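# Observations on the model geometry
What follows is the residue order along each chain.
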Amino acid sequence: MTAPAGGAELGHEPSTEEALARLAAGRRGRVTVVKDGPAGAAATDGVDTVHVASPPVDAVDPTGAGDVFDAGFLDAWLDGAPLRACLARGVACGARAVTAVGGATAAPYRDELEVDA
């Protein structure tokens, strides 16, 4: 089987953990995040690796969920939160974003989040 760029074999979709390991290779000290839709997300800083499951939601429209995830993650990151808390906030925001039609119409405000990290 022919391997495309990045070394993945055609017909094999890597697991979240495999994708994270491949993307993080050689990036020690830098944060790498892999979003996995309804399964949540995983992140590593080259030392610690964490996974946060997504809460169950009634998904209506995935438009903008990735951007809302990123906003939640970065909001926590800029507050100096630990990696797990950043990932938890991103997952909570992304999950909430899919519960309404259109872009980020269901994106939560910070005070609306109840996130356990």
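Counting of residues starts from 1 at the beginning of each chain's written sequence and follows it residue by residue. Reporting in this predicted model follows two pLDDT cut-offs: at least 70 for local features of residues, and 80 or more for side-chain atom pairs to be given and counted; totals over whole chains, interfaces and linings ignore these cut-offs and use all residues. With hydrogens and water excluded, all non-hydrogen atoms of the structure serve as input to the side-chain values.

## Some words on the sheet that holds strand 1 (residues 32-35)
Stated precisely, the cut-off is as follows: Here a strand pair is declared whenever DSSP counts at least two bridges between the two strands. Helix numbers and strand numbers start at the N terminus; a helix is a DSSP run of H or I with at least 4 residues, a strand a run of E with at least 2. As a rule, the C-alpha atoms of each element are fitted with a line to give its axis, helices using only the stretch in contact, and angles between N-to-C directions run from 0 to 180 degrees. We call two residues in contact when some of their heavy atoms are within 4.5 Å.
Overall, antiparallel pairing links the 3 strands, which are arranged 1-2-3 in an open sheet. The open sheet has two edge strands, strand 1 and strand 3 (49-52), and neither has a second partner. Across the sheet, the mean angle from the axis of one strand to that of its neighbour is 15°, orientation sign disregarded. Here strand 1 pairs with strand 2 (residues 41-44) via 4 bridges, running antiparallel. Note that in strand 2 the partner of Val 34 across the bridge is Ala 42. Strands strand 1, strand 2 and strand 3 of the sheet are contacted by helix 1 (residues 16-24), whose axis makes an angle of about 150° with strand 1. Sheet strands touched by helix 3 (residues 83-97): strand 1, strand 2 and strand 3. Its angle to strand 3, the strand with the most contacts, is close to 25°.

## Re the packing of aromatic side chains
Put simply, the rule is: Each pair of aromatic rings taken from Phe, Tyr and Trp, with Trp reduced to its six-membered ring, is defined by centres within 6.5 Å and is described as stacked if the planes are under 30 degrees apart, edge-to-face if over 60, and tilted in the remaining cases. Remark: exposure states derive from per-residue accessible area (1.4 Å probe, protein chains only) relative to the maximum for the residue type, with buried under 20%, exposed over 50%, and partly exposed in between.
A complete count under the given rule lists 2 aromatic pairs for this structure. Here Phe 69 and Phe 73 contribute two aromatic rings whose centre-to-centre distance is 6.3 Å and whose plane-to-plane angle is 20°, an arrangement assigned as stacked. Of this pair, Phe 69 and Phe 73 are both found in helix 2 (residues 65-78), 4 residues apart, which corresponds to roughly one turn of the helix. Its relative accessible area of 7% is what places Phe 73 among the buried residues. Measuring from centroid to centroid gives 6.2 Å for Phe 73 and Trp 77, while their planes differ by 15°, and the two rings are stacked. In this pair, Phe 73 and Trp 77 are both assigned in helix 2, 4 residues apart and thus about one turn of the helix distant.

## Section: the environment of Leu 87
Within the secondary structure layout, Leu 87 lies in helix 3. Residues Leu 87 and Ala 42, spaced 45 residues apart in sequence, show a C-alpha to C-alpha distance of 7.4 Å. The residues touching Leu 87, leaving out its near neighbours within four places in the chain, are Val 33, Ala 41, Ala 42, Ala 43, Val 50, His 51, Val 52, Phe 69 and Phe 73.

## Focus on a negative patch on the surface
The condition is simple: Patches here are clusters of residues that have more than 30% relative accessible area and form no salt bridge, with a 9 Å joining cutoff for like charges and a 5 Å cutoff for nonpolar side chains (Val, Leu, Ile, Met, Phe, Trp, Tyr). Working definition of accessibility: Shrake-Rupley area with a 1.4 Å probe, residue cover restricted to the visible protein chains. A pairing counts as a salt bridge when a side-chain nitrogen of Lys or Arg comes within 4 Å of a carboxyl oxygen of Asp or Glu. This count recognises Lys and Arg as positive and Asp and Glu as negative, with His and chain-terminal groups excluded. Charged groups are reduced to one reference atom each: NZ for lysine, CZ for arginine, CG for aspartic acid, CD for glutamic acid.
Side chains of Glu 13, Glu 17, Glu 18 and Asp 36 sit close together on the surface and give a patch of like negative charge. Structurally, Glu 17 can be placed in helix 1. Owing to a relative accessible area of 49%, Glu 17 belongs among the partly exposed residues under this scheme.

## What about the environment of Asp 61?
Put simply, the test is: Pairs of N or O atoms are called polar contacts if they sit within 3.5 Å, as long as, within protein, a hydrogen donor faces a hydrogen acceptor (for residues adjacent in sequence, only side-chain-to-side-chain pairs).
As for its position among the elements, Asp 61 is in the loop between strand 3 and helix 2. Judged by its relative accessible area of 14%, Asp 61 falls in the buried class. Put simply, Asp 61 and Ala 97 are 36 residues apart on the chain and 8.1 Å apart in space, counted from C-alpha to C-alpha. Apart from residues lying up to four places away in sequence, Asp 61 is in contact with Ala 97, Val 98, Ala 100, Val 101 and Gly 102. Side chain to side chain, Asp 61 and Thr 63 meet in a polar contact 2.7 Å long.

## Some words on the side chain of Thr 32
With respect to the helices, strands and loops of the structure, Thr 32 is situated in strand 1. Those residues within four positions of Thr 32 in sequence are excluded, and the remaining contacts are Leu 20, Leu 23, Ala 24, Arg 27, Ala 42, Ala 43 and Thr 44.

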